[in-house]
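Tertiary structure, described
Here's the letter readout for the chains.
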Amino acid sequence: MTATLVAVALSLVSAVAYAAAAVAQERLASRSSGTGMLRLLGTGAWWASVGLNAGAALLHVVALKYGPLTVVQPLGALTLVAAVPMGARAAGRRVSATEWRGTALTLAGLAALLVTASGSAPEQVLSLTEALAVAGATAALIGLLSRPGARPGLRHATASGFASGVASALTQTVTVAATGRSGSAPSLQVVLVAVLVAAFAVGGLLLSQTAYRGGLGAPLAMVTLSNPVAASLIGLTLLGQGLRGGPEGILLALAGAALASWGVVLLTRVTPSPVTSVDEDHPVAAVLALKPETATPEPALVPRQSAEPGHLTPL
C-alpha cells in the first residue's frame, strides 16, 4: 500500500469519527437543551464524543504525514457526508432531498475552495508575534459571534470553525518547531503556542456543542466551511501561500464559496418532522399514547345517599 493510499484510508476513518462525534454532540445537546454546560460535562456520553474528536484529530495529523495537504484536507469534508445520514438514522427518520442537495452543494463548493487555496506543505510557520496576533483577533471575533444572549446556531458554528481552523494553523507551527529540534527542550515559543492550540481546540469543541442545539446539518456545514476558510486566510496573509490557477483559480474559489453558501442555506431550511414510535393499531400502545386532556372522565365511586336514614344504597 502506497503512502497516498494510507493517507486516504486514515482520512476516511478520521471523517467518520468526526461525524460520529458530531452526531453524539447533537443528540446530547437536544436532550439537555435546558441544562448548563457544567452538568453536561459530568456525563460519560459527552466525554465519549470528546474521545472520538481526539481520535479523529490524531488520525488527521498522521494522515498529513503520509499524504499531501491537497489530498488529506478535502477528504475532511466527508465528515458532512457521513454525519447527515448518521444523524437522520439516530433520529429515526430518512434523509430528505433538501438535505442531500444542501450537502452536495456544500461539499462541491468546499472542494473548489480547497483545491484553489491549498498546495504543497508550507515551509514557513507563524512567529510568536504572529501567533499571538492571530489568537487575539480570533478570540475577539469569537466573542462577537458568541456574545451572551445570542441564540445557538450558525453564529456559534462559525465561531467553532474559526477556532478549529486557527488551532490547526497553530498546531502546524508547534509540530514544525518541535520536530525541527533534536532532543533539546521545547522553547518558550513552542510552549506558548501549544497552550493557545489547547485553548482554541477546547473552545471550538464547546462552541460546536452549543451550536448543535439548533440541529446538526446547518451548524456542521458551517463548521466544515469556516474551518478551512480561517486556515486559508492565515495561509494567504501570513504564510505566503497564494491561490492556484491565477485568475481562473480566483473565479473557481468565488464559485465554490457561492455553492457552499447556497448549500448551507438549504440545510438551514430543513425542518425534520417529528418521529413517533407509537403503533396506533396496538391497543396498549394507543392507550399509553393518549394525552391526559383527551381521556373521558370516569364517574366517581361514591355511595349515593338514601332518602331514608340508616340505609346505604349499592354503589
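All values derive from a computational prediction rather than experimental measurement. (Residues numbered from 1 in each chain as written. Predicted model: local features only at pLDDT ≥ 70, side-chain atom pairs only at ≥ 80, totals over all residues. Heavy atoms only, no water.)

Next up on the list: the side chain of Ser49. Structurally, Ser49 can be placed in helix α3 (residues 44–66). Leaving out residues up to four positions away in the same chain, Ser49 has contacts with Ala21, Ala24 and Gln25. (Helix = DSSP H or I, 4+ residues; strand = E, 2+ residues; numbered from the N terminus. Contact = heavy atoms within 4.5 Å.)

On to the environment of Gly245. Within the fold, Gly245 resides in the loop between α10 (217–237) and α11 (246–268). Measuring from C-alpha to C-alpha, the distance between Gly245 and Val115 comes to 9.7 Å, with 130 residues separating the pair along the chain.

This paragraph deals with the pattern of salt bridges. Proximity of charged atoms lets side chains of opposite charge pair with each other. Here the structure, examined in full by the defined rule, presents one salt bridge. A salt bridge links Glu99 to Arg93, with the nearest nitrogen and oxygen atoms 2.9 Å apart. Under the relative-accessibility criterion, Glu99 is labelled buried at 6%. (Salt bridge = Lys/Arg side-chain N within 4 Å of Asp/Glu carboxyl O. Buried < 20%, exposed > 50% of the residue type's maximum accessible area, 1.4 Å probe, protein only.)

Our next topic: the nonpolar core. Counting 29 residues, the largest nonpolar core has Leu80, Ala83, Tyr212, Leu216, Leu220 and Leu225 as its most contacted members. Looking at this core, the elements with two or more residues in it are α1 (3–31), α5 (78–90), α6 (97–117), α10 and α11. Broken down by element, this core gets its largest block of residues, six residues, from α10. Ignoring any residue separated from it by four or fewer positions in sequence, one finds Leu216 in contact with Ala22, Val23, Glu26, Ala83 and Gly87. (Core = buried A, V, L, I, M, F, W, Y, C linked by side-chain atoms within 4.5 Å.)

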